[in-house]
Amino acid sequence: MTVRNVYLDTEFLGWDLAPSGLVSIALTDDEDRTYYAVNADMDYGPVMANEWMRANVWPFLPKTATHALDREHKDCRKLRQIRTDLAAYFQLTNEPVHLYAYYGAQDVVRLHGLWDGNWDDMPKAIPRWFFDLKALAVQVGDPQLPEQEAGAHHPLEDARHNRTMHQFLLNLKEAPEA
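This text gives an overview of the structure that appears in the document.

About the thresholds
Residues numbered from 1 in each chain as written. Predicted model: local features only at pLDDT ≥ 70, side-chain atom pairs only at ≥ 80, totals over all residues. Heavy atoms only, no water. Salt bridge = Lys/Arg side-chain N within 4 Å of Asp/Glu carboxyl O. Buried < 20%, exposed > 50% of the residue type's maximum accessible area, 1.4 Å probe, protein only. Phe/Tyr/Trp six-rings, centres within 6.5 Å; stacked < 30°, edge-to-face > 60°. Helix = DSSP H or I, 4+ residues; strand = E, 2+ residues; numbered from the N terminus. Lys NZ or Arg CZ within 6 Å of the ring centre and 35° of its normal.

Here we look at the pattern of salt bridges
And step 1. Evaluation of the coordinates by the stated rule reveals 9 salt bridges.
And step 2. Taking the shortest distance from any N to any O, the salt bridge between D29 and R33 comes out at 2.6 Å.
And step 3. A relative accessible area of 0% means that D29 is categorised as buried.
And step 4. Judged by its relative accessible area of 30%, R33 falls in the partly exposed class.
And step 5. Linking K78 and D41 is a salt bridge whose minimum nitrogen-to-oxygen distance equals 3.3 Å.

Okay, here's the thing in structure tokens:
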């Protein structure tokens, strides 16, 4: 059976579990089919008020000439559009999906939170569970994982790096023991 591996990353306001706390979300799969969106409905004031978010997340968000969030940018989407896009993304193939994230509990909470955590409202194609890459690493001896070369805290680059870490872990599991 062929499985479609999908890698998830989000940026979010840690204290805001509502959909308004989602800053950005990205997915990629083994074929590098990607999805990236910035939440056009978010209040970016809290992002700017938080030193870590301002230094690590804000630089990757689309901005206007006056350095406000550019809600008209192609990457900015309303929450209802993000929900529609994500449902379509997970239905790109008929293959079962395995979802992966690194320290991913919050990422999956943010994904499910787009439907207020209501699995009855959430499209069936959205995975209800995921594999945590950190847990998988611990299971194979907690090796030093590959470093991300650039783009840390840009969700699409982080999601792609999740794929790199997963492949690294798979190669360790498949390597013959000495």
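Quick notes on the packing of aromatic side chains
And step 1. Following the criterion strictly, the structure yields 6 aromatic pairs and no others.
And step 2. Residues Y89 and F90 carry aromatic rings whose centres are separated by 5.7 Å and whose planes lie at 90 degrees to one another, so their mutual orientation is edge-to-face.
And step 3. The class for F90 is buried, based on a relative accessible area of 3%.
And step 4. Measuring from ring centre to ring centre gives 5.0 Å for Y100 and F131, while their planes differ by 20 degrees; the resulting arrangement is stacked. Of this pair, Y100 sits in strand β5 (residues 97-101) while F131 sits in strand β6 (residues 131-132), and the two are 31 residues apart along the sequence.
And step 5. Members of the aromatic cluster, each reached through a chain of ring pairs, are Y7, Y100, W129 and F131.
And step 6. The side chain of R4 reaches across the aromatic face of Y89, ending 4.5 Å from its centre.
And step 7. Just above the ring of W58 sits the side chain of K63; from NZ or CZ to the centre is 5.1 Å.

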